[in-house]
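Observations on the three-dimensional arrangement
Each chain is listed here by its residues.
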Amino acid sequence: MSALDAPTVALVGAGSMGGALVRGWIEAVRKGGGLTLTVVEPNFDPALEQALETVGAVINPPDAGPVDVLVIAVKPQTFSAATEAARRFVGEQTCVLSIMAGVPIDAIARDLGAQRVVRAMPNLPAKIGRGVTAYVASSACTAEDRQLVEQLLEPLGSVEPIAAERLMDVVTAVSGSGPAYVFLLAEVLAAAAEQEGLDRETAARLASATVAGAGALMLETMEPAGALRKQVTSPGGTTEAALDVLASSDGLGPLLRRAVSAAAQRSRDLGKR
Ligand SMILES: NC(=O)c1ccc[n+]([C@@H]2O[C@H](COP(=O)([O-])OP(=O)(O)OC[C@H]3O[C@@H](n4cnc5c(N)ncnc54)[C@H](OP(=O)(O)O)[C@@H]3O)[C@@H](O)[C@H]2O)c1
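Parameters and conventions
Residues numbered from 1 in each chain as written. Predicted model: local features only at pLDDT ≥ 70, side-chain atom pairs only at ≥ 80, totals over all residues. Heavy atoms only, no water. Domains from an automatic or database assignment. Buried area = accessible area lost by both parts, 1.4 Å probe. Salt bridge = Lys/Arg side-chain N within 4 Å of Asp/Glu carboxyl O. Polar contact = N/O pair within 3.5 Å; in protein donor to acceptor, adjacent residues only side chain to side chain. Helix = DSSP H or I, 4+ residues; strand = E, 2+ residues; numbered from the N terminus. Nonpolar A, V, L, I, M, F, W, Y, C, P; charged D, E, K, R; others polar. Core = buried A, V, L, I, M, F, W, Y, C linked by side-chain atoms within 4.5 Å. Buried < 20%, exposed > 50% of the residue type's maximum accessible area, 1.4 Å probe, protein only. Contact = heavy atoms within 4.5 Å. 1 Å grid on protein atoms, 1.4 Å probe; cavity = no way out; pocket = protein on both sides within 12 Å on 5 of 7 lines; lining within 4 Å. Points joined across faces, edges and corners; volume = space filled by probe spheres on them. Pairing = 2+ DSSP bridges. Axes fitted to C-alpha atoms, helices over the stretch in contact; angles between N-to-C directions. Expected span 1.5 Å × (residues − 1). Arc of directions from axis to C-beta. Near = heavy atom within 4 Å. Areas by Shrake-Rupley, 256 points an atom, 1.4 Å probe, with all protein chains shown as cover. Sits in = over half its atoms within 2 Å of the grid points. Patch = residues over 30% accessible without salt bridge, like charges linked within 9 Å, V, L, I, M, F, W, Y side chains within 5 Å.

1. A short note on the domain arrangement of the chain
Taken domain by domain, the chain holds domain 1 (4-172) and domain 2 (176-272). Centre-to-centre, using C-alpha coordinates, domain 1 lies 32 Å away from domain 2. A buried area of about 740 Å², summed over both sides, lies between domain 1 and domain 2, and 58% of it is on carbon and sulfur atoms. In this assembly, domain 1 and domain 2 are joined by 0 salt bridges. Here domain 1 and domain 2 share 4 residue pairs in polar contact (both at pLDDT 80 or more) between them. With 4 residues, helix H6 (residues 168-176) is the largest single contributor of residues to the side of domain 1 that touches domain 2. Class assignment of the residues belonging to the side of domain 1 that touches domain 2 gives a composition of 6 nonpolar, 2 polar and 2 charged.

2. Regarding the nonpolar core
Note that soluble globular proteins tend to have their nonpolar side chains buried in a common cluster. Grouped together as the largest cluster of nonpolar side chains are 39 residues, with contacts concentrated most on Val22, Trp25, Leu35, Leu37 and Leu52. The greatest single-element share of this core, amounting to 8 residues, is contributed by helix H1 (residues 16-30). With residues near it in sequence (within four places) discarded, Leu52 still touches Val22, Ile26, Leu35, Leu37, Phe44, Ala57 and Ile59. Of all hydrophobic cores here, the second largest spans 27 residues; its members include Phe79, Phe89, Met121 and Met168.

3. Comments concerning the layout of surface pockets
Estimates place the volume of the second largest pocket at around 510 Å³. Around the second largest pocket sit 21 residues that line it, and Met17, Lys75, Pro76, Ile99 and Ala101 are the ones nearest its centre. Residues belonging to the lining of the second largest pocket are distributed by class as follows: 10 nonpolar, 8 polar and 3 charged.

4. Here's the deal with the sheet that holds strand S7 (residues 131-137)
Within the open sheet, the 8 strands sit side by side as S3-S2-S1-S4-S5-S6-S7-S8. Their pairing is mixed. Because the sheet does not close on itself, it has two edges, and the strands there are strand S3 (58-59) and strand S8 (157-161). Where strand S2 (residues 33-40) lies against S3, 2 bridges are found, and the strand directions are parallel. Its bridge partner being in S3, Thr36 is matched across the sheet by Val58. Helix H3 (residues 79-87) contacts strand S1 (4-12), S2 and strand S4 (69-72) of the sheet and is inclined by roughly 160 degrees relative to S4.

5. Some details on the pattern of salt bridges
As enumerated under the stated definition, the model contains 5 salt bridges in all. Close ionic contact of Arg110 with Asp111 constitutes a salt bridge, the shortest N to O distance being 3.2 Å. Owing to a relative accessible area of 62%, Arg110 belongs among the exposed residues under this scheme. Residue classification places Asp111 among the partly exposed positions, given a relative accessible area of 23%. Of the charged contacts in the structure, one is a salt bridge between Glu194 and Arg200, with a shortest N-O distance of 3.3 Å.

6. Considerations on helix H8 (residues 200-221)
Along an α-helix, residues three or four apart share an orientation, since each turn contains 3.6 residues. The end-to-end C-alpha distance of H8 is 31 Å, a good match for the 32 Å that 22 residues give at a rise of 1.5 Å each. Among all positions in H8, only Ala203, Ala207 and Val211 are buried. Taken around the axis of H8, the buried residues stretch over an arc of 60 degrees, which confines them to a single face. Opposite the buried face of H8, at more than 90 degrees from it, the exposed residues are Arg205, Ala209 and Glu220.

7. Concerning the environment of Pro61
By secondary structure assignment, the location of Pro61 is in the loop between S3 and S4. Among the residues examined, Pro61 registers a relative accessible area of 23% and is labelled partly exposed. Between the C-alpha atoms of Pro61 and Val39, which are 22 residues apart in sequence, the distance is 9.9 Å.

8. Focus on the site of the ligand
The ligand sits among 21 residues. The nearest are Ser16, Met17, Glu41, Asn43 and Val74. Glu41 has a polar side-chain atom sitting 2.7 Å from an oxygen atom of the ligand. Val74 places a polar main-chain atom, nitrogen or oxygen, 2.5 Å from an oxygen atom of the ligand. Burial of the ligand by the protein chains amounts to 74% of its free accessible area of 890 Å². Cavity membership is defined here by more than half of the atoms lying within 2 Å of grid points; on that basis the ligand lies in the second largest pocket.

9. Re a nonpolar patch on the surface
The grouping of Leu246, Leu252, Leu255 and Leu256 at the surface amounts to a nonpolar patch, some 330 Å² of accessible area in total. Broken down by element, the nonpolar patch gets its largest block of residues, 3 residues, from helix H11 (residues 252-272). Within the secondary structure layout, Leu256 lies in helix H11.

Here you go:
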């Protein structure tokens, strides 16, 4: 992560995702720049507080008022309980960055009295800095807001701007829920291996390591998935025999199309409540 240009930030909720953000910000401050951070979290990890102080961040300044960026990282169901404490950090120049799943920009803007709102959707590998976070910004956000928000989200992995908020339902269905599809792939691959004769433990280890290794290779080489697939598919070989089944008219393509469509629809329905 690049050095931070000494923003003032308030973080409400420093659990799994908020904690991952703070760990990344510590590294950014270590590289130079600075950070003034107020953390509102009942169980903030003292080791993180200590590390922030050690790198020279200003932590929990007295009487903190409006900040450059207010980050909301509580669970959506806790948002209303946290709103009052969060409002004191909002001023005219404040950009609110929410990573809460399913909470629309309108609701965040209304409850916090802010115009400049960014709604972001990380995914589970963000816990180890290998996630992908898609975000959409309200029209009041400035180019500087976007730049700072992208920088603050970097500790969670790669960051992707999205053109319209309605597309967050698709994002939810692809990258938000997507890690579970990949875990299922490892599970069913292991079950198939067991049916072909491997013992359960060996099958599970082979399947998990294969999924993890293929993902790591994609990340490291940055080659498109299709190109990597072609590289390992010799004409008339074993991989091709399997891919003929997976790519058939009732194979993985149509199945995932239905799965993603169902998840996107559920996200739309939940958003209407
Ligand atoms: N985890 C994921 O894979 C994922 C993916 C996409 C989006 N998200 C979003 O990320 C957000 C955070 O998720 P998470 O997994 O980091 O949740 P988490 O680990 O439960 O973190 C939330 C933290 O907020 C604290 N908290 C509760 N009430 C508070 C209050 N009133 N004021 C300040 N802090 C309060 C919680 O403390 P206690 O534990 O003591 O209650 C907890 O430490 C959620 O909105 C979720 O939708 C998560």
